[in-house]
Amino acid sequence: MINKNSLKLFSTETLIILSLGSSTANSEDVFDTKHITQNKSHQHSEKKAMEGVCGSNMNMDMKGMVMYENKDKLPKDCKEISEDVTIKVAAGTKYAEQYPGTVFGFDNHQWQVKPCARITVEFTNDDKIRHQWMIHGLPKYLYPEGMFHIEVNGSGKKTGTFIVPNSHFTYLVHCDIAQHMEKGMKAQLKVGKGRGDLPSIPGISDPTFPDNFNKNEKIN
Ligand SMILES: [Cu+2]
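All residue numbers refer to position in the chain's written sequence, counted from 1. Totals for whole chains, interfaces and linings use all residues, but because this is a predicted model, local features are given only for residues with pLDDT of at least 70 and pairs of side-chain atoms are given and counted only at 80 or more. Side-chain measures here rest on the full set of heavy atoms in the structure, leaving out hydrogens and waters.

Asker: Would you explain the coordination of the copper ion in this entry?
Answerer: Tetrahedral coordination by four donors places them ideally at 109.5 degrees to one another around the metal; octahedral coordination by six donors ideally gives 90 or 180 degrees. Each protein donor to the copper ion is listed here as H131 (ND1), C175 (SG) and H180 (ND1); together their distances run 2.0 to 2.2 Å. In primary sequence terms, the donor set of the copper ion follows H-x43-C-x4-H. Of this pair, H131 sits in strand β8 (residues 130–135) while C175 sits in the loop between β11 (169–174) and β12 (186–191), placing them 44 residues apart in sequence. For the pair H131 and C175, one class covers both residues: buried. Only N, O and S atoms count as donors, using a 2.8 Å cut-off from the metal and 3.2 Å for Na, K and Ca, and because water is excluded some sites may appear unfinished. Secondary structure counts use DSSP, requiring at least four H or I residues in a row for a helix and at least two E residues in a row for a strand, with both numbered from the N terminus. Partly exposed residues are those whose accessible area sits between 20% and 50% of the maximum for their type, while under 20% is buried and over 50% is exposed, using a 1.4 Å probe and protein chains only.

Okay, structure coming up:
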């Protein structure tokens, strides 16, 4: 069966490609240059080809990646770096043991820094599965998708740096692997005074919709 919607989508895309092709005189040139650059970077050995900084500020190898790192570009509302902070974070199932109902966790679920701080995150994964330290809500002119992200595939460590803006805010930090945040890998970074607590942070805040274990409820 051919899905009508996908046909519709396909035809719209085709139209866009066609119109781009005809309206941009040197679009082929642009494409060719990109193509050559990509080929060049892939001419190294197999190991090298897997490593290095990709076009989107992503530093990746077999152990994991650091994405959208920013060591020196100041947010618009910062005149200077206020402080250099190193946050050491460990991730793993063992950190969930003290919080009933969770399966995964960080060794710390909250950090606080000054506005305009430069933060270096040393992220250690104590499990044999993949974990992430991912922060959201950063200014999009500096961080694509408003995000900075470290990922470690199995036990190991990765380090990355980013700079926060000047406003008081509470940023969401989590692991984006399916069900890891829901099962405890959720934390917050408070910049300045922050802006309250996020819900469901282990050891810090209650969930918005708590599980209901009614002892009086009869099971038939
Ligand atoms: Cu995880």
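That covers the picture; the talk isn't over yet.
Asker: When you look at the packing of aromatic side chains in this model, what are you seeing that I'm missing?
Answerer: Ring pairs (aromatic) are described by centroid distance and by the angle formed between their planes. Aromatic contacts are taken between Phe, Tyr and Trp rings whose centres are within 6.5 Å, Trp giving its six-membered ring; a plane angle under 30 degrees counts as stacked, one over 60 as edge-to-face, and the others as tilted. Enumeration according to the criterion identifies six aromatic pairs in this entry. Between W133 and F148 the ring centres are 6.4 Å apart and the planes differ by 65 degrees, which places this aromatic pair in the edge-to-face class. Residue W133 is found in strand β8, and its partner F148 is found in strand β9 (residues 148–153); the two are separated by 15 residues along the sequence. Among the residues examined, W133 registers a relative accessible area of 0% and is labelled buried. For F148, a relative accessible area of 0% gives the class buried. Members of the aromatic cluster, each reached through a chain of ring pairs, are W111, W133, F148 and F162. The residue whose ring lies beneath K76 is Y141, and the NZ or CZ to ring-centre distance is 4.5 Å. Counting as a charge over the ring demands two things of the Lys NZ or Arg CZ atom: a distance within 6 Å of the ring centre and an angle within 35 degrees of the ring normal.

Asker: Even after reading the chapter, I still don't get the sheet that holds strand β10 (residues 156–163), so can you show me in this structure?
Answerer: Within a sheet, adjacent strands bond to each other through the backbone by hydrogen bonds, running parallel or antiparallel. At least two bridges found by DSSP between two strands is the condition for calling them paired. With respect to topology, four strands assemble into an open sheet ordered β5-β4-β7-β10, the strand pairing being mixed. The sheet is open, and its two edges are formed by β5 (105–106) and β10, each paired on a single side. Summarising the sheet, strand β7 (residues 118–125) and β10 pair through eight bridges and their orientation is antiparallel. Bridge pairing links F123 to K158 in β10.

Asker: Just checking my understanding: could you explain the environment of I129 for this structure?
Answerer: Among the structural elements, I129 can be located in the loop between β7 and β8. Along the sequence, I129 and V152 sit 23 residues apart, while their C-alpha atoms lie 8.5 Å from each other.

Asker: Teacher, can you tell me more about the environment of K63 here?
Answerer: Here K63 lies in the loop between β2 (58–61) and β3 (64–67). By relative accessible area, which is 58% here, K63 ends up exposed. Other than its neighbours up to four places away in sequence, K63 contacts E151, V152, N153 and K158. Contact definition: two residues touch when any of their heavy atoms are within 4.5 Å.

Asker: Can you help me understand the pattern of salt bridges in this one?
Answerer: When charged atoms on two side chains of opposite charge get close, those side chains can pair. Whenever Lys or Arg places a side-chain nitrogen within 4 Å of a carboxyl oxygen from Asp or Glu, that contact is recorded as a salt bridge. A full pass over the atoms with the stated rule returns six salt bridges. Measuring nitrogen to oxygen at the nearest pair gives 2.7 Å for the salt bridge that ties E151 to R130. Within this pair, whereas E151 is found in strand β9, its partner R130 is found in strand β8, the two being separated by 21 residues in sequence. Given a relative accessible area of 5%, E151 falls into the buried group. Close ionic contact of D197 with K190 constitutes a salt bridge, the shortest N to O distance being 2.8 Å. Given the relative accessible area of 43%, D197 is considered partly exposed.

Asker: Would you mind going over the layout of surface pockets with me for this structure?
Answerer: By rolling a water-sized probe across the atoms, one finds the places where empty space is left. In this structure, the largest pocket occupies an estimated 590 Å³ of space. Method remark: on a 1 Å grid restricted to protein atoms, a set of points is classed as a cavity if a 1.4 Å probe fits but cannot get out and as a pocket if it is open with protein on both sides within 12 Å along at least five of seven lines; lining residues have an atom within 4 Å of a point. If you go around the largest pocket, you meet 21 residues; those closest to its centre are T102, E182, S200, P207 and D211. When residues are grouped by polarity, Ala, Val, Leu, Ile, Met, Phe, Trp, Tyr, Cys and Pro land in nonpolar, Asp, Glu, Lys and Arg in charged, and all others, Gly among them, in polar. Classifying every residue of the lining of the largest pocket gives nine nonpolar, seven polar and five charged. Grid points are joined across faces, edges and corners, and a volume is the space filled by probe spheres set on the points.

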